[in-house]
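Here's the letter readout for the chains.
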Amino acid sequence: MSNAIVISAFGGPEVLQWRSVEPPTAGPGEVLVRVRAAAVGPTDLHIRAGDLTSVFPQRPGDVLGFEAAGVVEAVEAGAEAHVGDEVAALLPSQGGYGELVATPVWYPKPASVPWDAAAALPAAADAAVGTMRTVGVEPGETLVVLGAAGAVGSMVVQLARAGGIRVVGVAREHDAALVRDLGGEFVVSGPGVFERVGSTVDAVIDAAGRGGLTEAVSVVGDPGRVVTLVGGPEVAPSGAVLSHPSPDRAPDALAVTMPLLASGDLRLKRRLTLPVREAAEAHRLLESGETRDKIVLTFD
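Position numbers for residues start from 1 in each chain and track the written sequence from start to end. Selection of residues for local features in this predicted model requires a pLDDT of at least 70, selection of side-chain atom pairs for listing and counting requires 80 or more, and totals for whole chains, interfaces and linings are taken over all residues. Processing note: side-chain calculations cover all non-hydrogen atoms of the structure and skip hydrogens and water entirely.

### Some thoughts on the overall build of the protein
Summing up its helical and strand segments, the protein has ten helices and 15 strands in all. Radius of gyration: C-alpha atoms only; globule rule: 2.2 Å multiplied by the number of residues to the exponent 0.38. Computed over its C-alpha atoms, the radius of gyration of the protein comes to 19 Å, within 12% of the 19 Å expected for a compact globule of 300 residues. Oriented by its inertia axes, the alpha-carbon framework of the protein measures out at about 60 × 40 × 30 Å. Relative accessibility decides the category of a residue: with a 1.4 Å probe and only protein chains considered, values under 20% of the type maximum give buried, values over 50% give exposed, and everything between is partly exposed. The proportion of buried residues among the 300 residues of the protein is 49%. Taking the intrachain contacts of the protein between residues at least 6 apart in sequence as the baseline, contacts between residues at least 24 apart amount to 61%. Looking at the protein as shown, the accessible area adds up to about 13100 Å², and 52% of this sits on carbon and sulfur atoms. Secondary structure elements follow DSSP: runs of H or I no shorter than four residues count as helices, runs of E no shorter than two count as strands, and numbering proceeds from the N terminus. In what follows, residue pairs with any heavy atoms lying within 4.5 Å of each other are defined as contacts. For every accessible area listed, the method is Shrake-Rupley and the probe measures 1.4 Å; residues are considered covered only by the protein chains on display.

### What to know about helix H10 (residues 279-288)
Within the sequence span of H10, burial applies to Ala-279, Ala-282, His-283 and Leu-285. For H10, the buried positions fall inside an angular range of 165° around the axis, keeping them on one side. Where H10 is buried, its residues meet strand E1 (2-7), strand E2 (16-21), strand E3 (31-40), helix H1 (42-49), strand E14 (271-275) and strand E15 (294-298). Taking the helix axis as origin, the arc is that swept by the directions to the C-beta atoms.

### Some points on the sheet that holds strand E11 (residues 203-206)
Working definition: the strands of a sheet are paired by backbone hydrogen bonds and lie parallel or antiparallel to each other. Paired strands are those between which DSSP finds at least two bridges. Reading across the sheet, the six strands line up as E10-E9-E8-E11-E12-E13 and stay open at both edges, with parallel pairing between neighbours. Across the chains shown, the open sheet's two edge strands, defined by having one partner strand only, are strand E10 (185-188) and strand E13 (241-242). Pairing between strand E12 (residues 226-228) and E13: two bridges, direction parallel. Bridge assignment links Val-227 to a residue of E13, and that residue is Val-241. Under this scheme, a helix contributes an axis fitted over its contacting stretch, all axes are lines through C-alpha atoms, and angles between N-to-C directions fall in the 0 to 180 degree range. Together, E11, E12 and E13 form the strand contacts of helix H3 (residues 122-135), whose direction differs from that of E11 by roughly 150°. Sitting on the sheet, helix H7 (residues 213-220) touches E11 and E12, and the angle it makes with E12 is about 155°.

### Topic: the pattern of salt bridges
Whenever Lys or Arg places a side-chain nitrogen within 4 Å of a carboxyl oxygen from Asp or Glu, that contact is recorded as a salt bridge. One pass over the structure, following the stated rule, counts 15 salt bridges. Measuring nitrogen to oxygen at the nearest pair gives 3.0 Å for the salt bridge that ties Lys-294 to Glu-67. A residue pair is termed long-range when its members are at least 10 positions apart, and Lys-294 in strand E15 and Glu-67 in strand E4 (residues 67-75) qualify at 227 residues. Each of the two residues, Lys-294 as well as Glu-67, counts as buried.

### Side note on the pairing of strand E6 (residues 100-103)
Side chains Leu-100 and Ala-102 project from E6 onto one buried face, and the interleaved Val-101 and Thr-103 project onto a second face that is buried too. Where E3 and E6 come together, four bridges link them in antiparallel fashion. Bridge assignment links Val-31 to a residue of E6, and that residue is Thr-103.

### Some words on the nonpolar core
In terms of nonpolar packing, the biggest core is built from 47 residues, with Leu-121, Leu-143, Met-155 and Val-156 touching the most fellow members. No other element matches the seven residues that H3 contributes to this core. With residues near it in sequence (within four places) discarded, Met-155 still touches Leu-121, Ala-124, Ala-125, Ala-128, Thr-257, Leu-266 and Leu-268. Here, the term nonpolar core denotes a set of buried Ala, Val, Leu, Ile, Met, Phe, Trp, Tyr and Cys residues that are joined through side-chain atoms within 4.5 Å.

### What about the packing of H1 against H10?
Two elements in contact, H1 and H10, have axes separated by 10 Å at closest approach and are oriented at 110°. What the angle tells us is that H1 and H10 run roughly perpendicular. From H1, Pro-42, Asp-44, Leu-45 and Arg-48 reach across to H10, where they touch His-283, Leu-286 and Glu-287. When residues are sorted by character, Ala, Val, Leu, Ile, Met, Phe, Trp, Tyr, Cys and Pro go into the nonpolar class, Asp, Glu, Lys and Arg into the charged class, and all the rest, Gly among them, into the polar class. When grouped by side-chain class, the residues that make up the contact of H1 with H10 number three nonpolar, one polar and three charged. Geometric relationships in this document are graded by angle, where less than 35 degrees denotes roughly parallel, more than 145 denotes roughly antiparallel, 65 to 115 denotes roughly perpendicular, and other angles denote oblique.

### Points about H1
Side chains of residues three or four places apart in an α-helix project in the same direction, reflecting 3.6 residues per turn. Looking at H1, one finds that the buried residues are Asp-44, Leu-45, Ile-47 and Arg-48. Along the axis of H1, the buried positions cluster into a sector of 165°, meaning they face one direction only. In this structure, the buried side of H1 is in contact with E1, E2, E3 and H10. Positive backbone phi, approximately 85°, marks Gly-50, located one or two places after H1.

### So, unusual backbone geometry
Positive phi, close to 65°, is recorded for Gln-94, a residue that is not glycine. Structurally, Gln-94 can be placed in the loop between strand E5 (86-90) and E6.

### Here we look at the side chain of Asp-206
In this structure, Asp-206 sits in strand E11. The buried charged residue Asp-206 lacks any salt bridge, with Arg-210 as its nearest oppositely charged partner at 7.1 Å. Side-chain atoms alone can form a polar contact between residues adjacent in sequence; in general such a contact is a pair of N or O atoms within 3.5 Å, and within protein one must be able to donate a hydrogen while the other accepts it. A distance of 3.0 Å separates a polar atom in the side chain of Asp-206 from the backbone nitrogen of Ala-208. In this structure the side chain of Asp-206 is engaged in a polar contact, spanning 2.7 Å, whose partner is the side chain of Thr-228. Counted charges follow a simple rule, with Lys and Arg positive, Asp and Glu negative, and His plus the chain ends left uncounted.

### Some points on the side chain of Asp-175
As for its position among the elements, Asp-175 is in the loop between strand E9 (166-171) and helix H5 (176-181). For Asp-175, a relative accessible area of 9% puts it in the buried group. For Asp-175, the contacting residues outside a window of four places in its chain are Ala-149, Phe-186 and Arg-292.

Here it is as structure tokens:
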């Protein structure tokens, strides 16, 4: 047996409980990883509450967590890894809040990258690399990033600037210094944001989900170059592209971003670490807005 934080029932943070569970089994092409750190994301909150059962078939007794980092314990046929490898993993079937997890998607963790940083990278990397490829923004073009101070938005800003793209980062006033420090031009969020941009816009990536997609499509002139990571009633009427996590969105996202993280050329959102047994408190903090940090659960 192993231990994990499970959803005892759908509901508030208190339904997350530390329990003994059957250890997962790795299949062909997968590795079994002993988790050292697991990141908490906004989607975890909605799955726990039972809001996304039509998309994510989790049920009471299951283990949350799309992102983890740890040490390979077993390698199945077709998996190119070795026992003892330190890796970061994106978990298509979730399970990161457990001591052990099986995954087909992983990448080596350099020794210079801390466990909490490695666990905080996979989902943001997948979203950032995937959406940038979807909009197809080229060097010299102007990309507007809505939610430029978040985990995904800040990564998009950095990757785009490194690629010779002009970036206008839209965020709240208190994030102005961060956006500029990452290399973006800052515009405060709110109604009329594209009037404040005041120049030709070639593409838009929305990592905030606060509206403005219809205006964005009108300004860009091509709905295929406006991509949002957050669903809502405005998406379909606007014609913007909704980018869902999928195995083929950016399968090499960790290969693209982990070396940059190790070299210091990529910065992650500030992190708050909590012991895994305090997962309920982690959900409460994220849900309440009491912290704007990326929360990472750690395993002793």
